[in-house]
Amino acid sequence: MCGIIGCVGRGDETLETLVHGLSKLEYRGYDSAGVALTAPGDEEVAVVKREGELDALRRVLETAAADGTAPTGTVGMGHTRWSTHGPPSDANAHPHTDCAGKVAVVHNGIIENYQALRDELSEAGHTFRSETDTEVIPHLIEELLDGPEYDATDPEPAIREAMTRLEGSFAVVVSVAGVETLFASRQDNPLVLGAGADATYLASDVPAFREFTDRVVYLENGEFARVDTEGWTVTDTAGNPVEKTVETVEWDPEDTGKSGYDHFMLKEIYEQPRALRQCLQGRVDEMGGRVTLDVDVDPERVQFVACGTSYHAALYGAELFRQAGVPAQCYLASEYATSPPPVDGALVVGVTQSGETADTLSALREARSRGARTLACTNTVGSTAARECDETLYIRSGPEIGVAATKTFASQQTALNMLALSLARQNGRADLRDSLSALRDLPGDVQAVLDESAAETVAEEFVDAPSYFFIGRGVHYPVALEGALKLKEISYKHAEGFASGELKHGPLALVTEKTPVFAVVTGDGPLATKTIGNVKEVESRDAPVVAVTDGRSEVERYADHVLEIPEAPPRTAAVLANVQLQLVAYHVADFLGRPIDKPRNLAKSVTVE
């Protein structure tokens, strides 16, 4: 949640750099946005912030530039907010300042002891202007700087002390009027440093500064960064220097643009063939009948932990692991830590596209504390999950900006598919050549779906439906769940996904002639036959049926519309069916005029519990 950008060394281009960085981070929150700048000799930090999307802040800054009142400075930071404490408003927008306007702070996370700190600081005479937890930080720093223990000309010790008083999760960047330095600290929320040739950056995520540098440093929990005109240093909580590795980001900054598409989501749907090729590259040996992954696991059993779309990928993965002869269960990460199952002999797999999902990290840490071996299935090199887990399986999707996950889900499915096949071979379960051939064909099959899909026609037919149901069995059940989630996320329509056999155990009461039912049916085996039986149940209630199928069963006889996919084994047909449902969700939302890349109340990376 929330996006942070800071920079030192851009000179007169500081404000422009901050706004550019915020534009690349807006997927992390768009309730409000703000900037803060300062330069040597300033007595106050110049702050401009506005409720609403980034364009609202841009308009204010453009007006200020026209009348000569735009904020200036050589050191700056910006923030785009996803609300936790306090509703969206100008007052609750970041940056927040102290009473005198000399200390400014941007923050991502939750300060759990903010009320106690606020009461203490109010008693000491501080006046608060917002409802946020963040505002206690600049006032706490101000209080410390005003005390006899600290020298106001050197704010770093007071800022360090303030960080030790905070409880909860946070990434914090601090600016002090007249000081050409940014100070930063993190605890359970991501913060990355960008080391440019002439400037240094701080941000929640690499896209904020990727246009200016590809050299990054990932901060760890408890570390403190100081960024000034001489460069950067990182120290631990005791102030001891920490040697950090400077890593190189491989993807191009143009990968985070729309490339002519109307929405990031549509672009990323159409990027799936390339994303899957990247995921598969160098890992599948079809002739040798094996998968080569850079992970070392041979578990007795597997526990998956994940949230949202990643949870659906984990459900899919668990089904494939069971088929590979490895007992597997899937848990919502937010519930796992509160009631963890026994972990003896288990590999705990955290599925998280960002590698920063707070609930998933909490579950993985709980598992590790109980002695489990852990694996992160993630898209993000250098993420917290990747650094903390024993093993990492990268899905290699490239950057995904759309809040509603698309290509990362397909790549998660494919990566877990490969891992399951690898374990199946280790267990001597089967000849893998047919499955590996299907994986080889997957990028081309996805392209065929994209080229020939009738999803837009189906979306137009049912755009006014009050509710939508999605059903599937086996590996298609998670696809039904994901299809419903995508529609909910971006169209704001009521949608539910079910295991096909569960409709008759209650949900069928909601089915009417106005309730389209999307049925994922592939192959011609027992599961297809059973799902067709469920299709007949809804058809007899006059519900319109949309079949997502490869044409090998007779489901088309009972369907009002058909979304075709190429013939493929169920394990890869599930990926293809999901692409059709992504397109349906996109087109329904587009017909309704929804803000597809910025769905209300949602953000891309959920870094609070």
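Residues numbered from 1 in each chain as written. Predicted model: local features only at pLDDT ≥ 70, side-chain atom pairs only at ≥ 80, totals over all residues. Heavy atoms only, no water.

**Some thoughts on the overall build of the protein chain**
Argument step 1. From N to C terminus, the protein chain includes 17 helices and 26 strands.
Argument step 2. On C-alpha atoms alone, the protein chain measures out to a radius of gyration of 26 Å, which is about the 25 Å that the 2.2 N^0.38 rule sets for 609 residues.
Argument step 3. For the protein chain, the spread of C-alpha atoms along the three principal axes comes to 80 × 50 × 45 Å.
Argument step 4. Per-residue burial over the protein chain gives 61% buried out of 609 residues.
Argument step 5. Within the protein chain, contacts between residues separated by at least 24 positions form 70% of all contacts whose residues are at least 6 apart in sequence.
Argument step 6. Put simply, the protein chain shows about 23,100 Å² of open surface, and 44% of that area lies on carbon and sulfur atoms. (Helix = DSSP H or I, 4+ residues; strand = E, 2+ residues; numbered from the N terminus. Rg over C-alpha atoms; globule rule 2.2 N^0.38 Å. Buried < 20%, exposed > 50% of the residue type's maximum accessible area, 1.4 Å probe, protein only. Contact = heavy atoms within 4.5 Å. Areas by Shrake-Rupley, 256 points an atom, 1.4 Å probe, with all protein chains shown as cover.)

**Concerning the environment of Cys2**
Argument step 1. Structurally, the position occupied by Cys2 is in the segment before β1 (3-8).
Argument step 2. When its relative accessible area of 6% is taken as the criterion, Cys2 is described as buried.
Argument step 3. Setting aside residues no more than four positions away along its own chain, Cys2 makes contact with Arg28, His79, Thr80, Arg81, Trp82, His107, Asn108 and Ser204.

**Observations regarding the state of the cysteines**
Argument step 1. Considering all chains together, one arrives at 0 disulfides under this definition.
Argument step 2. No disulfide involves Cys2; its sulfur sits 17 Å from that of Cys307, the nearest cysteine.
Argument step 3. For Cys279, which is in no disulfide, the shortest distance to another cysteine sulfur is to Cys377 and amounts to 8.0 Å.
Argument step 4. In this structure Cys279 comes out as buried when scored by relative accessible area, which is 0%. (Disulfide = S-S within 2.5 Å.)

**Quick word on unusual backbone geometry**
Argument step 1. Going from His94 to Pro95, the amide bond is cis rather than trans, its omega being 5°.
Argument step 2. Structurally, the position occupied by Pro95 is in the loop between β4 (75-81) and β5 (96-97).
Argument step 3. Of note in the backbone geometry, Arg396 takes a positive phi value of approximately 60° without being a glycine.
Argument step 4. Summarising the element assignment, Arg396 is placed in the loop between β21 (391-394) and α12 (407-426).
Argument step 5. One non-glycine residue, Asn601, lies in positive phi territory at about 70°.
Argument step 6. Within the secondary structure, Asn601 is located in the segment after α17 (570-591).

**Thoughts on the side chain of Thr17**
Argument step 1. As for its position among the elements, Thr17 is in helix α1 (residues 14-25).
Argument step 2. A relative accessible area of 1% means that Thr17 is categorised as buried.
Argument step 3. One polar contact links the side chain of Thr17 to the main-chain carbonyl oxygen of Glu13, over a distance of 2.7 Å.
Argument step 4. In contact with Thr17, not counting residues within four places along its chain, are Cys7, Arg10, Tyr201 and Phe212. (Polar contact = N/O pair within 3.5 Å; in protein donor to acceptor, adjacent residues only side chain to side chain.)

**Digging into the pairing of strand β12 (residues 224-228)**
Argument step 1. With 4 of 5 residues buried, β12 lies mostly within the body of the structure.
Argument step 2. Strand direction decides the pairing type here: β12 and strand β13 (residues 231-235), joined by 5 bridges, are antiparallel. Bridging from a neighbouring strand, Ala225 pairs with Val234 of β13.
Argument step 3. The turn joining β12 and β13, which pair antiparallel and follow one another in sequence, is formed by 2 residues. (Pairing = 2+ DSSP bridges.)

**Things to note about the sheet that holds β1**
Argument step 1. Spatially, 8 strands are ordered β3-β2-β4-β1-β10-β9-β11-β14 in an open sheet, and the strand pairing comes out antiparallel. The open sheet has two edge strands with one neighbour each: β3 (46-51) and β14 (247-248).
Argument step 2. In the sheet, strand β2 (residues 32-38) pairs with β4 via 7 bridges, with the strands oriented antiparallel. Residue pairing across strands places Leu37 opposite Gly76, the latter belonging to β4.
Argument step 3. Running over the sheet, α1 touches β1, β2, β4 and β10 (200-203) and is turned about 155° from β1.
Argument step 4. Here helix α2 (residues 54-66) sits on the sheet and contacts β2 and β3; the angle it forms with β3, its principal contact strand, is near 135°. (Axes fitted to C-alpha atoms, helices over the stretch in contact; angles between N-to-C directions.)

**Considering the sheet that holds strand β26 (residues 561-564)**
Argument step 1. Strand order in the open sheet formed by 5 strands is β23-β22-β24-β25-β26, and the pairing between neighbours is parallel. The sheet terminates laterally at β23 (494-499) and β26, the two strands that pair on one side only. When the angles between neighbouring strand axes are averaged without regard to direction, this sheet yields 20°.
Argument step 2. For strand β22 (residues 467-472) and β23, the ladder comprises 6 bridges, and the chain directions are parallel. Bridge pairing in β23 places Ser467 opposite His494.
Argument step 3. Each of β22, β24 (517-521), β25 (545-549) and β26 is contacted by α17, which is oriented at about 160° to β24, the strand it contacts most.

**Description of a negative patch on the surface**
Argument step 1. Judged by side-chain charge, Asp262, Glu456, Glu460, Glu461, Glu513, Glu539, Asp542, Asp560 and Asp590 come together as a negatively charged surface patch.
Argument step 2. When residues in the negative patch are grouped by element, the largest group, 3 residues, is from helix α14 (residues 455-462).
Argument step 3. Looking at the element boundaries, Glu461 is found in helix α14. (Patch = residues over 30% accessible without salt bridge, like charges linked within 9 Å, V, L, I, M, F, W, Y side chains within 5 Å. Salt bridge = Lys/Arg side-chain N within 4 Å of Asp/Glu carboxyl O. Lys, Arg positive; Asp, Glu negative; His and termini not counted. Charge placed at Lys NZ, Arg CZ, Asp CG, Glu CD.)

**A look at the pairing of strand β7 (residues 168-176)**
Argument step 1. Counted residue by residue, β7 has 8 buried out of 9 residues, so it is predominantly covered.
Argument step 2. Bridge count for strand β6 (residues 103-111) against β7 is 9 bridges, and the pairing is antiparallel. Bridging across to β7, Gly109 finds its partner in Phe170.
Argument step 3. In the sheet, β7 pairs with strand β8 (residues 181-187) via 5 bridges, with the strands oriented antiparallel. Within β8, the position partnered with Val173 by the bridge is Ala184.

**Some remarks on the packing of aromatic side chains**
Argument step 1. The final tally for this structure, using the stated rule, is 8 aromatic pairs.
Argument step 2. Taking 4.8 Å as the distance between ring centres and 15° as the angle between the ring planes, the aromatic pair formed by Phe470 and Phe518 counts as stacked. Linking Phe470 in strand β22 with Phe518 in strand β24, this pair joins segments that are 48 residues apart in sequence. Each member of the pair, Phe470 as well as Phe518, is classed as buried.
Argument step 3. Three or more aromatic residues joined by ring pairs form one cluster here, namely Tyr201, Phe209 and Phe212.
Argument step 4. Residue placement shows Arg160 over the ring face of Phe224; its charged tip is 4.3 Å from the ring centre.
Argument step 5. Over the ring of Tyr492 we find Arg600; its NZ or CZ atom is 3.9 Å from the centre of that ring. (Phe/Tyr/Trp six-rings, centres within 6.5 Å; stacked < 30°, edge-to-face > 60°. Lys NZ or Arg CZ within 6 Å of the ring centre and 35° of its normal.)

**A short note on the packing of helix α15 (residues 476-491) against α17**
Argument step 1. Remark: α15 packs on α17, axes separated minimally by 9 Å, with the N-to-C direction vectors making an angle of 15°. Our classification of the angle between α15 and α17 gives roughly parallel. As for the relative orientation of α15 and α17, their crossing is right-handed in sense. In this structure, α15 uses His476, Val479, Glu482, Gly483, Lys486, Leu487, Ile490 and Ser491 to contact α17, whose residues at the interface are Pro570, Ala573, Ala574, Ala577, Asn578, Leu581, Ala585, Tyr586, Val588 and Ala589.
Argument step 2. A per-class count over the contact of α15 with α17 returns 12 nonpolar, 4 polar and 2 charged. (Parallel < 35°, antiparallel > 145°, perpendicular 65-115°, else oblique. Left-handed = near helix turned anticlockwise from the far one by under 90°. Nonpolar A, V, L, I, M, F, W, Y, C, P; charged D, E, K, R; others polar.)

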